[in-house]
Amino acid sequence: MRLKIGICALLSCTVLSGCLNNRYITPVTSFQTSTTQTISVISTFYSSRNSYEAQLYLADIANDPSLSVATKDAAGHPTPLMQSTFSPASIKARLDALSVVSVYATRLYDLSNTTAPADFATASTALGTNLSSLNTTFTSLSGGGDPTANSYIGPITSVIGTIGKMYLNGKRDALVKTAIQEGGPQVNVILSLIKTDMDNIFSKEVITGANDQLASDIVAYNKDRVNLTYDQRVARLATIATAASVATSATASVPSQLVSSMISANNALLKSAASTSGKDKQLSLSSLNDALGAWVTQIQTLSTQISPLVK
Amino acid sequence: MATAPIDTVTLTAIINQCFSYATDARFSLADQTTFLIEGKRLRGQLLNLLSAQFDNTTAPFAAATASLTAVNATLSQSATALANTAQTLNSIATLVSNLDKLLAIATSFV
């Protein structure tokens, strides 16, 4: 009888301990998967800004037979065909900042899912030279006139420091909580900066670009319509319908919304890590699952809406 | 020297309004085309202005800011823009010119 009670107690402890230890596995796995998907969508959006401008320039030329293609305009200024509208160095630095968030989510996942954290590589090899030197990149961009670059330096340093600690210490259970509490707020700062960039710079580019395309297509149709056949009119009107749909998506600030839902999920993860009492933990875990679920749904919807803004 | 960006929120609103009037049948086809051309010019300037900083104590900065406010006030009232289309288009052309002068004295770009 004593043996049975002892075994039951041992099993209970093991199960309870397992539950406690694995508290983060499911949400952190979901967080990591959604982070990877979101960053993939946003990275494609960032990377395509210059090609989008070149395509818009060529679409203008196509709509107006009086315009010729040129690499420099009549005033001698480079056209979007040959000159990057946005500095490639600034775009790359923002992609690298997103990589820091991605590495954070991946290492959090590794930490929650492994039984042998001691097997982890060192922090420096895990981060790679590119990310380790990211602060230098932002410092030089800041000196070179990128007005928002300076704001990225502090949070990136902190996140890199947190990721480093995940490797240098070997105590998984406490580390998952500590990593979320230390890295999460800085990840939020980076994501907020990305969102501000989206709202202040890229949404203006995308919204005016989509409205430009729609207006150009409509004005060109109205000028040409009397000389078009029925089939040509149908084809041109289908193009206008697509442009109208893109303009609607652009106005909804879709990329910014995606970053917002990522920030919400990160906040829920932070709240979950900060919870102490049993009831508090249950509530925060429930909120975390809700935030993660909403984020997963948004990724599917928003990535479809973003695709026309990427050329 | 105090540096500041130009108000690109207002400029974006003006550009979008130009494109909206370019597809508004209440304006003549010729005026619609002019709104489209001016909208494109302003958008080209916007892409440079988004990352530019200026000495906000200079006359070109003050002139561009005043133009932005005035044009936005006119464009946001469609009845005013319709009743005074020629004057509205002239004020947009002045804004384009003021922004060109401003871009020439930018202190830094991305």
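Throughout, residues of each chain are indexed from 1 in the direction in which the sequence is written. Chain labels run from A onward and ligand labels from 1 onward, assigned in the order the entries are written. The predicted origin of the model limits local features to residues at a pLDDT of at least 70 and limits the giving and counting of side-chain atom pairs to 80 or more, whereas totals for whole chains, interfaces and linings rest on all residues. Side-chain descriptors were evaluated using all non-hydrogen atoms of the structure, hydrogens and water having been removed beforehand.

Undergrad: So what about the overall build of chain B? Which residues, and what values?
TA: The helix count covers DSSP runs of H or I at least four residues long, the strand count covers runs of E at least two residues long, and both are numbered beginning at the N terminus. Looking only at helices and strands, chain B has 5 helices and 2 strands in total. Seen in sequence order, chain B has helices and strands lined up from the N terminus as β-α-α-β-α-α-α. Taking all 110 residues of chain B together, the buried fraction comes to 45%. Every residue pair with non-hydrogen atoms within 4.5 Å of one another is taken to be in contact. Summarising the internal contacts of chain B: among those between residues at least 6 apart in sequence, 81% fall at separations of at least 24. Within the structure as shown, chain B displays about 4700 Å² of accessible surface, and the carbon and sulfur contribution to it stands at 56%. Per-residue accessibility, obtained with a 1.4 Å probe over protein chains only, is compared with the maximum for each type, and a residue is labelled buried under 20%, exposed over 50%, and partly exposed between these values. Each accessible area is a Shrake-Rupley estimate made with a 1.4 Å probe; only the visible protein chains count as cover when residues are assessed.

Undergrad: Can you break down the packing of aromatic side chains residue by residue, with the values?
TA: Working definition: rings of Phe, Tyr and Trp (its six-membered ring) pair if their centres are within 6.5 Å, and the pair is stacked with planes under 30 degrees apart, edge-to-face with planes over 60 apart, and tilted otherwise. Applying the stated criterion across every chain, the model contains 8 aromatic pairs over all chains. Residues Tyr21 of chain B and Phe27 of chain B carry aromatic rings whose centres are separated by 4.9 Å and whose planes lie at 50 degrees to one another, so their mutual orientation is tilted. Here the aromatic residues Phe45, Tyr46, Phe86 and Phe202 of chain A are joined through ring pairs into a cluster of three or more. If you follow Arg49 of chain A out to its NZ or CZ, it ends over the ring of Phe45 of chain A, 4.2 Å from the centre. A ring is considered to have a charge above it if a Lys NZ or an Arg CZ atom is located within 6 Å of its centre and within 35 degrees of its normal.

Undergrad: Help me get a handle on a nonpolar patch on the surface, residues and values and all.
TA: All names here are of chain A. Together, Leu58, Val69, Leu81 and Met82 give the surface a local cluster of nonpolar side chains, amounting to about 350 Å² of exposed area. Its place among the elements puts Leu58 in helix α3 (residues 49-63). Residue classification places Leu58 among the partly exposed residues on the basis of a relative accessible area of 31%. Patch definition: residues above 30% relative accessible area lacking any salt bridge, with like charges linked at up to 9 Å and the nonpolar side chains Val, Leu, Ile, Met, Phe, Trp and Tyr linked at up to 5 Å. Think of a salt bridge as a Lys or Arg side-chain nitrogen and an Asp or Glu carboxyl oxygen that are within 4 Å of each other.

Undergrad: Tell me about the interface of chain A and chain B, and name the residues and values.
TA: Listed as interface residues are 27 residues of chain A and, on the opposing side, 22 residues of chain B. When two parts are brought into contact, each loses some accessible area as probed by a 1.4 Å sphere; the total of that loss over both is the buried area. Counting each side, the surface lost to burial between chain A and chain B is near 1800 Å², with a carbon and sulfur contribution of 64%. In terms of surface lost to chain B, no three residues of chain A exceed Lys204, Thr208 and Val219 of chain A, which account for 29% of the buried area on that side. Connecting chain A to chain B are 3 salt bridges. Asp212 of chain A is the salt-bridge partner of Lys40 of chain B, the closest N and O atoms lying 2.6 Å from each other. Contacts described as polar in this section are N or O atom pairs within 3.5 Å, which, within protein, must combine one atom able to donate a hydrogen with one able to accept it, while residues neighboring in sequence count only if both atoms come from side chains. At the boundary of chain A and chain B, one finds 8 residue pairs in polar contact (both at pLDDT 80 or more). Only α3 and α8 (172-224) of chain A provide two or more residues apiece to the side of chain A that touches chain B. The dominant element in the side of chain A that touches chain B, judged by the number of residues it contributes, is α8 of chain A, at 15 residues.

Undergrad: If you had to explain the confidence of the model for chain B to someone new, which residues and values would you point to?
TA: Note: pLDDT gives the predictor's confidence per residue, expressed from 0 to 100. The share of residues in chain B with pLDDT of 70 or more is 95%, and the mean pLDDT across the chain is 91. Within chain B, the element-level pLDDT minimum falls on strand β1 (residues 3-4) of chain B, averaging 84, and the maximum on helix α1 (residues 8-22) of chain B, averaging 96.

Undergrad: Describe helix α9 (residues 230-251) of chain A, and please don't skip the residues or the numbers.
TA: Under the 1.5 Å per step criterion, the end-to-end length of α9 of chain A is 32 Å for 22 residues, consistent within 8% with the ideal 32 Å. When we look at burial in α9 of chain A, the residues that qualify are Ile240, Ala243, Val246, Ala247, Ser249 and Ala250 of chain A. Helix span is expected to be 1.5 Å times the residue number reduced by one.

Undergrad: Tell me what's going on with the nonpolar core, and back it up with residues and numbers.
TA: Counting 96 residues, the largest nonpolar core has Tyr46 and Ile180 of chain A together with Phe35 and Leu42 of chain B as the members making the most contacts within it. Looking at this core element by element, the count peaks at 19 residues for α8 of chain A. Here, nonpolar core refers to any group of buried Ala, Val, Leu, Ile, Met, Phe, Trp, Tyr and Cys residues whose side-chain atoms link them within 4.5 Å.

Undergrad: Mind laying out the packing of α1 of chain B against helix α3 (residues 59-75) of chain B, listing which residues take part and the relevant values?
TA: All names here are of chain B. Axes, fitted as lines to C-alpha atoms, cover a helix only where it is in contact. Angles between the N-to-C directions of the axes lie from 0 to 180 degrees. Orientation of α1 relative to α3, taken along the N-to-C sense of each, is 40 degrees, at an axis distance of 10 Å. On the basis of their axis angle, the class for α1 and α3 is oblique. Taken as a pair, α1 and α3 cross one another with a handedness that is left-handed. Across the interface between the two elements, Thr10, Leu11, Ala13, Ile14, Gln17, Cys18 and Tyr21 of α1 pack against Leu68, Val71, Asn72 and Leu75 of α3. When residues are sorted by character, Ala, Val, Leu, Ile, Met, Phe, Trp, Tyr, Cys and Pro go into the nonpolar class, Asp, Glu, Lys and Arg into the charged class, and all the rest, Gly among them, into the polar class. The class makeup of the residues in the contact of α1 with α3 is 8 nonpolar, 3 polar and no charged. Our angle categories are set so that under 35 degrees counts as roughly parallel, over 145 as roughly antiparallel, 65 to 115 as roughly perpendicular, and the remainder as oblique. Throughout, a crossing is termed right-handed when the near helix is turned clockwise from the far one, and left-handed when it is turned anticlockwise from it by less than a right angle.

Undergrad: Can you break down α3 of chain B residue by residue, with the values?
TA: Residues and elements named next belong to chain B. The end-to-end C-alpha distance of α3, which contains 17 residues, comes to 24 Å, matching closely the 24 Å that a straight helix rising 1.5 Å per residue would cover. Those residues of α3 that fall on the buried side of the exposure criterion are Phe61, Ala64, Ser67, Leu68, Val71 and Leu75. The buried residues of α3 all sit within an arc of 130 degrees when viewed along its axis, so they share a single face. Facing away from the buried side of α3 by more than 90 degrees, the exposed set consists of Ala59 and Thr69. Its buried side turned inward, α3 meets β1, α1, α2 (29-49), β2 (54-55), α4 (78-83) and α5 (85-103). Read the arc as the range of directions from the helix axis to the C-beta atoms.

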